[in-house]
Amino acid sequence: MMSDSQRSLSVRLSRRGERSNHNSQQSKDAEAGFFSPTRLHTDYTLKKIWKAGFLRLLLVGGILWMLLILFALLFHVWSCQSSLSFFSAICNKEGRLYVMLDTIGFVPKPQHRCPIPVAYDPDKVLLPSEKTADTIVRNLTYVTEDESSKSQFPLFGGNISWSERDESFKLKPEMKVHCGFMPRGGAEMSSLDKEYVKKCRFVVATGIFDAYDEPHQPSNISKRSKNLFCFLMVVDEVSLDFLRKNTTVRKDVEGGKWVGIWRLILLKTPPYDEPRRNGKVPKILTHRLFPEAQYSIWIDGKMELIVDPLLILERYLWRGKHTFAIAQHKHHRNIYEEADACKRRKRYARPLVDLHMKIYRYEGLEPWSIKKNTVSDVPEGAVIIREHTAMNNLFSCLWFNEVHLLTPRDQLSFGYVVDRLKGAFKVFMFQNCEYNSLFELHPHIREHSSKIEWVKSLQELKGKGESLKESRGGFGLWTPYPGDLDSVELPKVVRTSKAG
């Protein structure tokens, strides 16, 4: 039999062995668990889930950032039209909110020039087989004698009453309207020039008045366009004298005068005593100066054409089946903003610009907004591309009548006439960056100014200041208006640009 001490030692040894085996088994189990297939599969799944979640987070964050940028842009567009000063300050380029948005990249930078999607080869451009049909106004004729003309000094644009003006906006299949060129009103062409322009079906026209610009020769003109187009430069006698002294003016066998590619067309007896108003005659009434023309491209005297005119007609008229195209203004869409810019830059007497705008506001012209069906109410008027349809000719007449009656700032009256025709007149307003790619802009050779441009109040036009008034234009500003203009409050203008 075993003693008590032996039995106790045996028990202790047995327990130590069990613990040792147990600890060894636990160690083995732990090692096997760390590297076991089950454990490895679980870790891989977790990593895969974490990676997928991170990618989803990046995707959602990118989408939210894009939506934030889109919201900021839409908010910016809306704020430009807001009547609340806090929100409209965002649209003001001098405001802190605008600067903040501009700094973080929320305000898009307008391009000065952009590529024009013109056809590659002028020789492959197909000419329209027929004219655009006249569906609304089918026959347009012009007033040649006023009922009151016997008792008043003959005016180039006629003595248009307010009721006649209002009636001219009511569209009918047959219409008769004032459209300049009243007898003894000035702007006469010589018989030689009249005969020459009779053969012109495709016209590129420009003009220089009061020796304000020098002629610029077009470039990149194809042989086909040189044969197809008449390049006509309308001048007054002051400008013709300037050209004779400073450039080469040659005569053809028939006696026609040329400066490079330009055939000079002299308008004798300026119809207005304001040179800027004289310049609107060939610019707006191109269809009256050149009655046989089917298509015309007008460019201001400061512009140098650098794109083939046939490609211009194909791009802006024929491709989209348009008949009238003009560029958007670079800075303004709202007529009242443009009027404010005209006053700041002294483009005409400030109180008369205000009076002009009060007439339009009284007659219901709303400031431009994204709710309107037009891209803009303010064009870049240095370029006009058109087919001479009856509707386009009517529009040009009505546009000129506004220039004749009110201020000579044609950009102020363009959108008004479009608005009055209530969608019947269709205009393609293309991007300003394309406009800048059509031409090279040259500075005027001198500063043009007339005394009336510096007038700050109507009081200055009374008494001795009567002599500052134009004697043959702008009579609508002095003719009693059939409405209470004193009660008219002009819309507030947020100056979105330092430029006019």
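Here is what the cut-offs are and how they apply
- Residues numbered from 1 in each chain as written.
- Predicted model: local features only at pLDDT ≥ 70, side-chain atom pairs only at ≥ 80, totals over all residues.
- Heavy atoms only, no water.
- Helix = DSSP H or I, 4+ residues; strand = E, 2+ residues; numbered from the N terminus.
- Buried < 20%, exposed > 50% of the residue type's maximum accessible area, 1.4 Å probe, protein only.
- Contact = heavy atoms within 4.5 Å.
- Areas by Shrake-Rupley, 256 points an atom, 1.4 Å probe, with all protein chains shown as cover.
- Core = buried A, V, L, I, M, F, W, Y, C linked by side-chain atoms within 4.5 Å.
- Salt bridge = Lys/Arg side-chain N within 4 Å of Asp/Glu carboxyl O.
- Pairing = 2+ DSSP bridges.
- Disulfide = S-S within 2.5 Å.
- Phe/Tyr/Trp six-rings, centres within 6.5 Å; stacked < 30°, edge-to-face > 60°.
- Lys NZ or Arg CZ within 6 Å of the ring centre and 35° of its normal.
- Arc of directions from axis to C-beta.

**Describing the overall build of the protein**
Each helix and strand in the protein was counted, giving 17 helices and 13 strands. For the protein, buried positions account for 47% of its 500 residues. Intrachain contacts of the protein at a sequence separation of at least 6 include 82% that bridge at least 24 residues. With the model as given, the accessible surface of the protein reaches about 27200 Å², and the carbon-plus-sulfur share is 55%.

**Overview of the environment of Cys-179**
With respect to the secondary-structure elements, Cys-179 resides in the loop between strand 2 (174–177) and helix 6 (191–197). Each C-alpha atom of the pair Cys-179 and Val-281 lies 10.0 Å from the other, and the pair is 102 residues apart in sequence. For Cys-179, the residues in contact, after removing those within four places along its chain, are Tyr-142, Leu-285, His-287, Arg-288, Cys-397 and Asn-401.

**What to know about the nonpolar core**
The biggest cluster of nonpolar side chains holds 74 residues, and the ones touching the most others in it are Leu-232, Leu-267, Phe-290, Tyr-360, Leu-394 and Phe-395. Broken down by element, this core gets its largest block of residues, 10 residues, from helix 15 (residues 390–405). Listed in part, the 40 residues of the second largest apolar core include Val-125, Ile-221, Phe-229 and Met-233.

**Structural notes on the pattern of salt bridges**
Under the defined criterion, the tally for this structure stands at 21 salt bridges. Between Arg-244 and Asp-241 there is a salt bridge; the shortest N-O distance is 3.8 Å. Separated by three residues within a single helix, Arg-244 and Asp-241 lie in helix 8 (residues 237–246), roughly one turn from each other. For Asp-241, a relative accessible area of 39% gives the class partly exposed. Here Arg-277 ties to Glu-470 by a salt bridge, and the two come within 2.6 Å at their closest N and O atoms. Taken together, the positions of Arg-277 in helix 9 (residues 275–278) and Glu-470 in the segment after strand 13 (439–441) put the pair 193 residues apart, joining distant regions of the chain. Neither Arg-277 nor Glu-470 differs from the other in exposure class; each is buried. Here the salt bridges share partners, and the residues they tie into one network are Arg-165, Asp-166, Glu-363, Glu-402 and Arg-420.

**Examining the sheet that holds strand 8 (residues 295–299)**
One open sheet holds the nine strands; their spatial order is 5-6-7-4-3-8-11-10-12, and the pairing between them is mixed. Among the strands making up the open sheet, the edge pair consists of strand 5 (250–251) and strand 12 (428–430).

**As for the state of the cysteines**
Overall, the coordinates contain three disulfides when judged by the stated rule. One disulfide bridge connects Cys-114 with Cys-433, the sulfur atoms lying 2.1 Å from each other. Judged by the torsion about the S-S bond (75°), the Cys-114/Cys-433 disulfide is right-handed. Linking Cys-114 in the loop between helix 4 (96–103) and strand 1 (139–142) with Cys-433 in helix 17 (residues 432–438), this pair joins segments that are 319 residues apart in sequence. With respect to burial, Cys-114 and Cys-433 carry one shared label: buried. Across the disulfide from Cys-179 sits Cys-397; the S-S distance is 2.1 Å. Because the sign of the S-S torsion sets the handedness, a value of about -80° for the bond joining Cys-179 and Cys-397 places this disulfide among the left-handed ones. Of the two residues, Cys-179 is situated in the loop between strand 2 and helix 6 and Cys-397 in helix 15; the sequence distance between them amounts to 218 residues. We note that Cys-179, like Cys-397, is buried.

**A short note on the packing of aromatic side chains**
The final tally for this structure, using the stated rule, is 24 aromatic pairs. Where Phe-156 meets Tyr-272, the ring centres are 6.1 Å apart and the plane angle is 75°; that geometry is what we call edge-to-face. Highlighted residues: Phe-156 in the loop between strand 1 and helix 5 (162–167) and Tyr-272 in the loop between strand 7 (262–266) and helix 9, separated in sequence by 116 residues. Here the two residues Phe-156 and Tyr-272 agree in accessibility, since each one is buried. Considering the side-chain rings of Phe-156 and Phe-400, the 5.8 Å spacing of their centres and the 80° angle between planes classify their relative orientation as edge-to-face. Taken together, the positions of Phe-156 in the loop between strand 1 and helix 5 and Phe-400 in helix 15 put the pair 244 residues apart, joining distant regions of the chain. Grouping residues by exposure puts Phe-156 and Phe-400 together as buried. Note that Arg-263 overlies the ring of Tyr-196, its terminal NZ or CZ placed 4.5 Å from the centroid. Sitting over the face of the ring of Tyr-272, Arg-277 holds its NZ or CZ atom 5.8 Å from the ring centroid.

**Overview of helix 8**
Here helix 8 has its buried residues at Ser-239, Leu-240 and Leu-243. Along helix 8, the residues classed as buried sweep out an arc of 100° about the axis, all on the same side. Those residues of helix 8 that are buried lie in contact with strand 3 (202–208), strand 4 (229–235), strand 6 (257–259) and strand 7.

That's the geometry; what it means functionally is another story.
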